[in-house]
Amino acid sequence: MIGYYVHHQGRGHLHRAQCIAAHVAGPVTVLSSLPRPRDWRGPWVPLPADTADDPLDHTARGRLHWVPVHHRGHRERMGIIAEWIRRECPALFVSDVSVEAATLARLMGIPVVVAAMRGDRLDAAHRLGYDLADALIAPWPRSLPEPGWPAHWRAKALHTGSMSRYDGRPRPAARAGRERARNDVVVMLGAGGAEVTPDQLREAAHATPDWSWTVLGGPGAPWIEDPWALLCRAAVVVTHAGQNAIAECAAARVPAVVIPQERPHGEQHATARALRSAGLATVRDTWPGPREWPALLAEAAARPEHWDRWSFGDGAERAGRLLTELAGRPTRQATCAPR
């Protein structure tokens, strides 16, 4: 049995967990405050929310990320995870992503794998989580490393390339006959929050009358659970720099305009820098003004496609093999008495 903690922000953590679990030999139990997906067939442990508007010492004086004092939801959440570990005695625990969940599992004697993220992770809490992990899963290519990582993190990291639920899915047949023939723009803002306003979207569309705009997610726009056909039909996708959004663009092999949003530890800006340095996408640090959009879309549509440098197509399979291997390692008998 493998326990798999899935963070509730956005949908990328969940999509990655589902992709990886499909390639694990043996049962995987997800622990999350997200709703259980209809197509999830394994065990699912629901966790209460632990959000707070005015948390008290939620970083434990800078040593952790989220441990608000006297917060009932947080206490219940940690208690449920601990009780599940005590009852099931999993062979391995995966955290995607919570330093506190990873630390709790390791304190209970369970080997831990942590899903790594780009950005500045050298704070005390991330150092704790990454240091105690038996392995790190880095969903980007080794050829585009995250600068500043200590040598011992790099040594235990599996760089899988991006992981998408669309890896290996055939493109719609209609695309083959008119590859990038239409001037369709798909704006993919996701479920993790958006900084762009409806007025900015309208101004961009008005400034590019030769392009047809479709907006997915974000303020006032519909949420489409499976946008694969739209991504494949698009001449250009405009998106943020979340790991899942970039992975889906890469799987569809579609030109992208990437505009990173503010996230903790500069995660999206770090991803955008890597994409820019490799020439994989057209990157802008902030939302462009209306007059910039015609040239920007033309630049993106004309960019040579090299997404295979980011997306190998088997990232989830690589991660699943790692988890299967770690979960199957024999338990070693302790050579010293408990303290």
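Residues numbered from 1 in each chain as written. Predicted model: local features only at pLDDT ≥ 70, side-chain atom pairs only at ≥ 80, totals over all residues. Heavy atoms only, no water.

**Points about the overall build of the protein chain**
Just so we agree on the cut-off: In DSSP terms, a helix is any run of H or I states spanning at least four residues, a strand is any run of E spanning at least two, and both are numbered starting from the N terminus. Both definitions apply: the radius of gyration is a C-alpha atom measure, and the globule rule equals 2.2 Å times residues to the power 0.38. The buried label applies to any residue whose accessible area, calculated with a 1.4 Å probe on protein chains only, is under 20% of its type's maximum; exposed applies above 50%, and partly exposed to all values in between. Here, two residues are considered to be in contact whenever any of their heavy atoms come within 4.5 Å of each other. The Shrake-Rupley method, run with a 1.4 Å probe sphere, supplies the accessible areas, and residue values consider only the shown protein chains as cover.
Broken down by element type, the protein chain carries twelve helices and twelve strands. Taken over the C-alpha trace, the protein chain has a radius of gyration of 21 Å; the compact-globule value for 339 residues is 20 Å, and the two agree within 12%. Along the first, second and third principal axes, the C-alpha set of the protein chain runs to 70 × 40 × 40 Å. Looking at the protein chain residue by residue over its 339 residues, the buried ones come to 50%. Intrachain contacts of the protein chain at a sequence separation of at least 6 include 62% that bridge at least 24 residues. Here the protein chain displays about 16100 Å² of accessible surface, and carbon together with sulfur accounts for 53% of that area.

**So, the sheet that holds strand β5 (residues 112-115)**
Rule in force here: By this definition, two strands are paired if DSSP reports at least two bridges between them. Only the stretch in contact is used when a helix axis is fitted, and all axes are lines through C-alpha atoms; the angle between N-to-C directions ranges over 0 to 180 degrees.
Ordered in space as β3-β2-β1-β4-β5-β6-β7, the seven strands form an open sheet in which the pairing is parallel. Every interior strand has two partners, whereas the edge strands, β3 (44-46) and β7 (157-159), have only one. Going across the sheet, the axis of each strand differs from the next one's by a mean of 20°, ignoring polarity. As judged from the three bridges shared by strand β4 (residues 92-96) and β5, these two strands associate in the parallel manner. Looking at β5, one finds that S95 is bridged to V114.

**Describing the pairing of strand β6 (residues 135-138)**
A regular strand places its side chains on the two faces of the sheet in alternate fashion. This is how it is decided: Orient the strands so they point away from the viewer, and a crossover whose first-strand-to-second-strand path over the helix runs clockwise is right-handed.
Here β6 shows no split at all, with A135 and I137 on one side and L136 and A138 on the other all buried. As defined by bridge partners, β5 adjoins β6 across three bridges and the pair is classed as parallel. Bridging across to β6, A115 finds its partner in I137. The parallel pair β5 and β6 is bridged by helix α4 (residues 124-132), and the resulting crossover is right-handed. With three bridges joining them, β6 and β7 adopt parallel strand pairing. The residue bridging I137 from the neighbouring strand is L158, located in β7.

**Re helix α3 (residues 99-107)**
The line we're drawing: Two N or O atoms form a polar contact when they lie within 3.5 Å of each other; inside protein one atom must be a possible hydrogen donor and the other a possible acceptor, and for residues adjacent in sequence the pair counts only when both atoms belong to side chains.
Within α3, seven of the nine residues are buried, which leaves it mostly tucked inside the rest of the structure. Residues V99, E100, A101, A102, T103, L104 and A105 constitute the buried set of α3. Looking at the packing, one finds that the buried side of α3 touches β1 (2-6), α2 (72-88), β4, β5 and α4. N-capping of α3 is provided by S98, with a side-chain oxygen placed 3.3 Å from the backbone N of E100. Just downstream of α3, G109 is the residue with a positive phi angle, here 85°.

**Observations concerning the packing of α3 against α4**
The following threshold applies: In what follows, roughly perpendicular refers to angles from 65 to 115 degrees, roughly parallel to angles under 35, roughly antiparallel to angles over 145, and oblique to any angle outside these ranges. Crossing chirality is assigned from the near helix's rotation relative to the far helix, an anticlockwise turn below a right angle marking it left-handed and a clockwise turn marking it right-handed. Gly is put with the polar residues, along with every residue not named as nonpolar or charged; the nonpolar set is Ala, Val, Leu, Ile, Met, Phe, Trp, Tyr, Cys and Pro, and the charged set is Asp, Glu, Lys and Arg.
With their axes 9 Å apart at the nearest point, α3 and α4 run at an angle of 45° to one another. Considering the angle they form, α3 stands oblique to α4. Both α3 and α4 take part in a crossing whose hand is left-handed. Judged by residue contacts, V99, A102, T103 and R106 of α3 engage A125, H126, L128, G129 and L132 from α4. Along the lines of polarity and charge, the residues of the contact of α3 with α4 split into five nonpolar, three polar and one charged.

This is a description of form; function is not addressed.
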